[in-house]
Amino acid sequence: MNINVKQLKKSDLELNHSYILIVKGRASLSGNALKFWQKSGFDFAAIKQSENFNGKNGELIDIIAPQNIKANRIIIFGFEPDEKQKYFSFMRLGGIIGRKISSIKTNKISIIFTDESDEEIALIGAGIKLNIYKFDKYMSKKEQDKNKKTDKEPIINFLVKNKKGAQEAVEKRQNLVSGILLARDLINEPANMLGPEEFSNIALKLTDLGVRVEVFAKEQIEKLGMGAFLAVAKGSERPAKMLVLHYNGDKENDNLIALAGKGVMFDSGGISLKPANSMQDMKADMGGAAAILGLMKVLALNKVKNNVVAIIGLCENMPDGKAYRPGDIIKTLSGQTIEVISTDAEGRLVLADILWYAQKRFKPRILIDLATLTGAIMVGLGQEFAGLFTNDKILADKLMEAGEKYNEKLWPMPLHPAYDKLIDSKFADMKNTGGRYGGACTAAQFLARFIKDVRWAHIDIAGVGFAVKQNEINNSWAPGFGVALLSEYLQNFAD
Ligand code: BES
Ligand code: MN
Ligand code: ZN
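Residues numbered from 1 in each chain as written. Chains lettered and ligands numbered in written order. Predicted model: local features only at pLDDT ≥ 70, side-chain atom pairs only at ≥ 80, totals over all residues. Heavy atoms only, no water.

Visitor: Looking at this structure, how should I read the coordination of the zinc ion (ligand 3)?
Guide: Bound to the zinc ion (ligand 3) are the protein donor atoms K262 (NZ), D267 (OD), D285 (OD) and E346 (OE), situated 2.0 to 2.4 Å from the metal. One can describe the donor arrangement at the zinc ion (ligand 3) as octahedral, given that its 6 donor atoms subtend angles of 79 to 176° at the metal. Sequence positions of the residues that donate to the zinc ion (ligand 3) give the spacing K-x4-D-x17-D-x60-E. (Donors = N, O, S within 2.8 Å, 3.2 Å for Na, K, Ca; no water. Tetrahedral: all angles 85-135°; square planar, octahedral: opposite > 155°, others 65-115°.)

Written as C-alpha cells, this is what we have:
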C-alpha cells in the first residue's frame, strides 16, 4: 500500500472514488473543509445536522455520495488532537482511518486535507501504514484471503494544499514506519527461520543505504575474549555473531552515540530450562537488537545528522551437552569473572561483553542499550512502560520526553550500589542473578559493573516488546517498540 500525495484542486471529485474528510471539532465545521464541500456541490451542513455530528473524537459519518456528486462514498471522521501526545494522537487517527480503509470494499480512496499541517498529514499517513501491517507470510493463500476485502491493494491519495511540503513530510514519516515494520518483522519471525546468521544477512542489506556493517564470526569473538557472550551461545548449533553497524550522518562532528542490543534469537533458558507454557514467546528475545536495526534503517533513509554506532550480540540460548551450566565461572571481556547461577539470566551476560566492547573501542559520548532483559520488569511496570535505568538525569528526561510523543513510554527505575551486595558471589567477582526481589534492578546493577565513565541508559523492554494489547497503530504481536523513541531522541533531543 502506497500513499500518493497530490495537489488538492478546488472541488473536482472523481467517480468511483471514496473520499475521506477529517473534521476537527466544531470550529472546523465552518472552515475550509466546509467550503470545499460546498464548492463540490455537497451539502455537508445538512448531513452534519441530520447525523448530529460535532467533529468529536470517535464520531463518524459514512454515507453513499448523493446523486449530484461524482464520488462513490464519503466518510467523515471527527477528531480532537491530544495536546499532550500530539504525534501519537495524529498517528492514532491515521490508524482509525486505516482500519476503516481495510474494512470497506473500495480500493480507491482519497483523503482531503484542508486544515492539517504537513507534519500532521505525515503522521496520519504513518498511522495508516502501521495499522494495516500484518504478519501473515506463513499463512496459506486461502487464510490470507479471508482477511482481505478486495483483491486489489488499495490506492490511497492524499489531496493536500502544499504538495511539496506534504510530500517531503510524508516520505520522512514513511521511512520511520519502514524501520518500525522491519523491527516488527524480525520479532514476529520464528527462531527456526531467523538465527544469528539470517539476522546478520538482513543487517548487511543496510549497506545499500550507506550503513557500514561489520559481522564478527564466532572465532573473532573468541579472539576478542568475550567469554560471557560466548558461554551463552555454547549450547546452540548456530554460532554466535556480533554486528557492528556504523552510521556516519554528521561528517563535521566526531561525537558518537553508541547503541547496544540484546539479540538472543531464542531463549529456552538453557540448562536452567524455562517452563513450557509461553516458551514460544522467547523468539522475541532479540527485540532490542531488532529495534536497533530498525532504527539504523530510519537514520540512513532519513539522512539524520548524527553519528551512531550500534553493537548487537546475536546468539541462541539452548540446553545441550555443550551448553554452559549453573556453577560455571566465566571470564568477561572486561576481565571480571561471573559465577553462573542461572543459565536463564543470559541477556546480562551477552550485554556485559557488548557494553564493554562498545566503550573500549568507540569511547562514545552516550551509550544506550535496549534489551528484553527481565520478567521482573513486566511484574513491576506491566506492558505500558519500559523500565529506564540510567546514570544521567538529563539523558533520562530526554529519552522519556522523546518516547512520550509516540506513546513509547519509559518509567525511571533505580540504579544503586545497594543492589550490589545481592550480586556478590562466593566464588567469583559477581554472580548472574540477585534473587527473586527487585529482579530488574539487580539485572541493571549487574550491567552497571560493565559501565565506566559514560552517560548510559539501559532500557528493559521485556514487557513492551511483544504480546502487547493491540491498539490503533498496532495489530501486530510485536509493536516494534523503541524505533520511534530512539529516532526521535537522536534527531531532536541528543546533545
Ligand atoms: N529473556 C528473559 C526475560 C523475559 C522474560 C523477557 C519474559 C520477556 C518475557 C531473560 O533472559 C530471563 O530469562 N530472565 C530471567 C532472569 C532470572 C533467571 C534471574 C527472568 O526474568 O525470569
Ligand atoms: Mn533468559
Ligand atoms: Zn533472555
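Back to the write-up after that little detour.
Visitor: Could you clarify how one ought to interpret helix α15 (residues 483–493) in this entry?
Guide: Helical geometry: 3.6 residues make up each α-helical turn, so side chains three or four residues apart lie on a common side. Counting buried positions along α15 yields 9 of 11 residues, so the element is predominantly enclosed. Residues of α15 that are buried: V483, A484, L485, L486, S487, E488, Y489, L490 and F493. (Buried < 20%, exposed > 50% of the residue type's maximum accessible area, 1.4 Å probe, protein only. Helix = DSSP H or I, 4+ residues; strand = E, 2+ residues; numbered from the N terminus.)

Visitor: It is not clear to me how the pairing of strand β15 (residues 409–412) should be interpreted in this structure. Could you clarify?
Guide: A regular strand places its side chains on the two faces of the sheet in alternate fashion. Direction of pairing for strand β14 (residues 385–390) relative to β15: parallel, over a ladder of 4 bridges. Within the sheet, the bridge partner assigned to A386 lies in β15 and is L410. Running through helix α13 (residues 393–404), the crossover from β14 to the neighbouring parallel element β15 is right-handed. (Pairing = 2+ DSSP bridges. Right-handed = clockwise from strand over helix to strand, strands pointing away.)

Visitor: Which parts of the structure should I look at to understand the nonpolar core?
Guide: In summary, soluble globular proteins display a tendency toward joint burial of nonpolar side chains. Ranked by internal contacts, the top residues of the largest apolar core, which has 100 residues, are I97, I111, F158, F199, L245, L399 and Y489. For this core, the domains that each give at least three residues are domain 1 (2–161) and domain 2 (176–493). What I111 contacts, discounting residues up to four positions off in sequence, is I20, I22, I97, I128, I156, N157, F158 and L159. (Core = buried A, V, L, I, M, F, W, Y, C linked by side-chain atoms within 4.5 Å. Domains from an automatic or database assignment. Contact = heavy atoms within 4.5 Å.)

Visitor: What am I meant to see in the site of ligand 1 here?
Guide: The environment of ligand 1 is made up of 17 residues, and the closest members are K274, D285, D344, E346 and G375. Within the side chain of D285, an N or O atom sits 2.9 Å from a nitrogen atom of ligand 1. Residue T372 places a main-chain N or O atom 3.4 Å away from a nitrogen atom belonging to ligand 1. In isolation ligand 1 offers 520 Å² of accessible surface; the protein chains occlude 78% of this area. Contributions of two or more residues to the shell around ligand 1 are made by β9 (257–267) and α12 (375–381). Across the shell around ligand 1, the residue classes tally to 5 nonpolar, 5 polar and 7 charged. (Near = heavy atom within 4 Å. Polar contact = N/O pair within 3.5 Å; in protein donor to acceptor, adjacent residues only side chain to side chain. Areas by Shrake-Rupley, 256 points an atom, 1.4 Å probe, with all protein chains shown as cover. Nonpolar A, V, L, I, M, F, W, Y, C, P; charged D, E, K, R; others polar.)

Visitor: Would you mind going over the pattern of salt bridges with me for this structure?
Guide: Within this structure, the stated rule accounts for 21 salt bridges. Between E316 and R238 there is a salt bridge, and its shortest N-O distance comes to 2.9 Å. With E316 in strand β10 (residues 307–317) and R238 in the loop between α9 (227–233) and β8 (241–248), this residue pair connects regions lying 78 residues apart in the sequence. The buried category is assigned to E316, whose relative accessible area is 7%. Exposure remark for R238: the relative accessible area of 22% places this residue in the partly exposed category. Each of the salt bridges in this network shares a partner with another, and the network as a whole consists of D62, R73 and K100. (Salt bridge = Lys/Arg side-chain N within 4 Å of Asp/Glu carboxyl O.)

Visitor: Honestly, the pairing of strand β2 (residues 18–23) in this entry has me stumped. Any pointers?
Guide: Where burial is concerned, most of β2 is hidden: 6 out of the 6 residues are buried. Pairing between β2 and strand β4 (residues 73–78): 6 bridges, direction parallel. Paired with V23 across the bridge in β4 is G78. In this sheet, strand β5 (residues 108–112) lies alongside β2 in parallel orientation, the contact comprising 4 bridges. Of the residues in β5, the one forming a bridge with S18 is I109.

Visitor: What am I meant to see in unusual backbone geometry here?
Guide: What you tend to see is this: most non-glycine residues have negative phi, and most peptide bonds are trans. Phi is positive for D453, close to 45°, though the residue is something other than glycine. As for its placement among the helices and strands, D453 is situated in the loop between α14 (439–448) and β17 (455–460). Even without a glycine there, the phi angle at A467 is positive, about 50°. Position of A467 among the secondary structure elements: in the loop between β17 and α15.

Visitor: What am I meant to see in the coordination of the manganese ion (ligand 2) here?
Guide: When a metal carries six donors in an octahedron, the ideal angles between them are 90 or 180 degrees, while four donors in a tetrahedron ideally lie at 109.5 degrees. For the manganese ion (ligand 2), every protein donor is listed as D267 (OD), D344 (O), D344 (OD) and E346 (OE), and the spread of their distances is 2.1 to 2.2 Å. One can describe the site at the manganese ion (ligand 2) as irregular: its 6 donor atoms subtend angles covering 72 to 167° at the metal. Each donor residue of the manganese ion (ligand 2) lies on one chain, and together they are spaced D-x76-D-x1-E.

Visitor: What should I look at first to understand the domain arrangement of the protein chain in this one?
Guide: Think of interface size as the accessible area that goes away when the parts come together; that is how it is often given. Domains assigned within the protein chain are domain 1 (2–161) and domain 2 (176–493). Each of domain 1 and domain 2 has a C-alpha centre, and these two points are 39 Å apart. Where domain 1 abuts domain 2, roughly 1800 Å² becomes buried across the two surfaces, and 64% of that area is made up of carbon and sulfur atoms. When the buried surface of domain 1 facing domain 2 is broken down by residue, Y87, L130 and Y133 rank first, second and third, together holding 37% of it. Among the salt bridges present, the one from K137 reaches E189, with a minimum N-O distance of 2.9 Å. Here domain 1 is connected to domain 2 by 10 residue pairs in polar contact (both at pLDDT 80 or more). Contributing elements (two or more residues each) for the side of domain 1 that touches domain 2: α3 (86–103) and α4 (118–132). (Buried area = accessible area lost by both parts, 1.4 Å probe.)

Visitor: Mind showing me how you'd approach a positive patch on the surface here?
Guide: On the surface, a cluster of positive charge is contributed by K10, K35, K39 and K161. Topologically, K35 is positioned in helix α1 (residues 32–39). Taking relative accessible area as the criterion, K35 reaches 47% and is therefore assigned partly exposed. (Patch = residues over 30% accessible without salt bridge, like charges linked within 9 Å, V, L, I, M, F, W, Y side chains within 5 Å. Lys, Arg positive; Asp, Glu negative; His and termini not counted. Charge placed at Lys NZ, Arg CZ, Asp CG, Glu CD.)

Visitor: Looking at this model, I keep getting lost on the packing of α13 against α15. Mind explaining?
Guide: Two quantities define a packed helix pair, namely the angle between the helix axes and the distance between the axes. Where α13 meets α15, the closest approach of the two axes is 8 Å, and the angle between their N-to-C directions is 120°. As for the relative orientation of α13 and α15, their crossing is right-handed in sense. Along the contact surface, α13 presents L395, K398, L399, E401, A402 and G403, while α15 presents L485, L486, E488, Y489 and F493. Looking at the contact of α13 with α15, its residues break down into 7 nonpolar, 1 polar and 3 charged. (Axes fitted to C-alpha atoms, helices over the stretch in contact; angles between N-to-C directions. Left-handed = near helix turned anticlockwise from the far one by under 90°.)

Visitor: How should I be thinking about the packing of aromatic side chains in this particular structure?
Guide: Here a ring pair, both rings aromatic, is described through the centre-centre distance and the interplanar angle of the planes. Under the criterion given, the structure shown has 8 aromatic pairs. Relative to F450, the ring of F446 has its centre 5.6 Å away and its plane inclined at 45°; by these criteria the two rings are tilted. For K283, the ring lying beneath its charged end belongs to W477, and the centroid distance is 5.0 Å. (Phe/Tyr/Trp six-rings, centres within 6.5 Å; stacked < 30°, edge-to-face > 60°. Lys NZ or Arg CZ within 6 Å of the ring centre and 35° of its normal.)

Visitor: Whenever I open this one, the sheet that holds strand β11 (residues 329–331) confuses me. Can you help?
Guide: Strands belonging to one sheet form pairs held by backbone hydrogen bonds; the direction of such a pair is parallel or antiparallel. Reading across the sheet, the 3 strands line up as β11-β12-β16 and stay open at both edges, with mixed pairing between neighbours. Edge positions in the sheet fall to β11 and β16 (430–431), since each has one partner strand and no second. As defined by bridge partners, β11 adjoins strand β12 (residues 337–339) across 3 bridges and the pair is classed as antiparallel. Directly across from I330, in β12, lies its bridge partner I338.

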